[in-house]
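Per-entry structural report
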Amino acid sequence: MKRVLITGATSGIGRGLAEHYAQQCFVYACGRNDKALEDLARKDNTIALKLDVTEPASIASACQHIETLDILILNAGNCEYIDDAKHFDGALFKRVIEANLLSLGYCLETLLPKVKAGGQLVIVSSSAAFLPLPRAQAYGASKAGASYLAQSLAVDLEDIDVSVVHPGFVKTPLTAKNDFPMPMAVSVEQATKAITKGISKRRKDIHFPKRFTLILKLLQLLPVNVWLFLSKGIKR
């Protein structure tokens, strides 16, 4: 059986991926929520590991007995918005960058050497990385960094396939906190299907739903001044 490790496996996309892969693989489901970890530990082919991706020592300790991995999925993250850009919240910015970007480095340091030749590394970013969006100075910057990190690793890792995931809006406990419309939002089940299909085909860029992400990719081609003009309408 293939061995798959998933961070952020206690809810949302991570939970969907953990439950999917446990049907055919051996899964290390990682997270911080004790109750959710207990639930995952009762499932077949699953070992639940409590760890904090923002603490390198926690990652190293929880994963010390893992010898090899076929697929490493770095999915854990958080989302907070900066409501007043002029009065910039540096503490919030730091929290989001550490949760979504620095944590990737901490996880890679311990876990990437365990991915065997021919294995796969999957980093879950966001379609927010495509364009500068209102209030997304922290979240968007962290996800743009995550995308660049994945793409750069794809250049240097010769024996490991790297995929970056750019979801649109997915209905999860995290996005339930959003106070704005989420066009073309998909369910966790739909997201899980799109991601696992992309991983199985070893696609470099897994983005969905395509009717949403392709629009963003086209808007990305606009001159900066045009997008800045259009984005004023989004703010209103």
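One structure accompanies this document, and this report is about it.

Thresholds applied
- Residues numbered from 1 in each chain as written.
- Predicted model: local features only at pLDDT ≥ 70, side-chain atom pairs only at ≥ 80, totals over all residues.
- Heavy atoms only, no water.
- Axes fitted to C-alpha atoms, helices over the stretch in contact; angles between N-to-C directions.
- Helix = DSSP H or I, 4+ residues; strand = E, 2+ residues; numbered from the N terminus.
- Parallel < 35°, antiparallel > 145°, perpendicular 65-115°, else oblique.
- Left-handed = near helix turned anticlockwise from the far one by under 90°.
- Contact = heavy atoms within 4.5 Å.
- Nonpolar A, V, L, I, M, F, W, Y, C, P; charged D, E, K, R; others polar.
- Patch = residues over 30% accessible without salt bridge, like charges linked within 9 Å, V, L, I, M, F, W, Y side chains within 5 Å.
- Areas by Shrake-Rupley, 256 points an atom, 1.4 Å probe, with all protein chains shown as cover.
- Salt bridge = Lys/Arg side-chain N within 4 Å of Asp/Glu carboxyl O.
- Buried < 20%, exposed > 50% of the residue type's maximum accessible area, 1.4 Å probe, protein only.
- Core = buried A, V, L, I, M, F, W, Y, C linked by side-chain atoms within 4.5 Å.

Some remarks on the packing of helix α4 (residues 90-111) against helix α5 (residues 137-156)
- One can describe the packing of α4 onto α5 by two numbers: an axis separation of 8 Å at closest approach and a directional angle of 15 degrees. Judged on the interaxial angle alone, α5 and α4 are roughly parallel. Remark: the crossing between α4 and α5 carries right-handed chirality. Contacts between α4 and α5 involve Leu92, Phe93, Val96, Ile97, Asn100, Leu101, Leu104 and Leu108 on the former and, on the latter, Gln137, Ala138, Tyr139, Ala141, Ser142, Lys143, Gly145, Ala146, Leu149 and Leu153.
- When grouped by side-chain class, the residues that make up the contact of α4 with α5 number 13 nonpolar, 4 polar and 1 charged.

Looking at a nonpolar patch on the surface
- Together, Leu222, Val226, Phe229 and Leu230 make up a nonpolar patch on the protein surface, roughly 350 Å² of accessible area in all.
- Judged by relative accessible area, which is 38%, Leu230 ranks as partly exposed.

A word on the nonpolar core
- One finds Leu5, Cys63, Leu72, Leu74, Leu121 and Ile123 to be the most contacted residues of the largest nonpolar core, which totals 30 residues.
- The set of elements that each furnish at least two residues to this core consists of β2 (26-31), α3 (56-62), β4 (69-74), α4, β5 (115-124), α5 and β6 (161-167).
- When residues of this core are assigned to their parent elements, the largest contribution, 4 residues, is made by α4.
- Contacts of Leu74, omitting those with residues within four sequence positions, involve Thr7, Leu104, Cys107, Leu108, Leu121, Val122, Ile123 and Val124.
- The next biggest cluster of nonpolar side chains, apart from the first, holds 25 residues, and it includes Ile13, Leu17, Ala18 and Val186.

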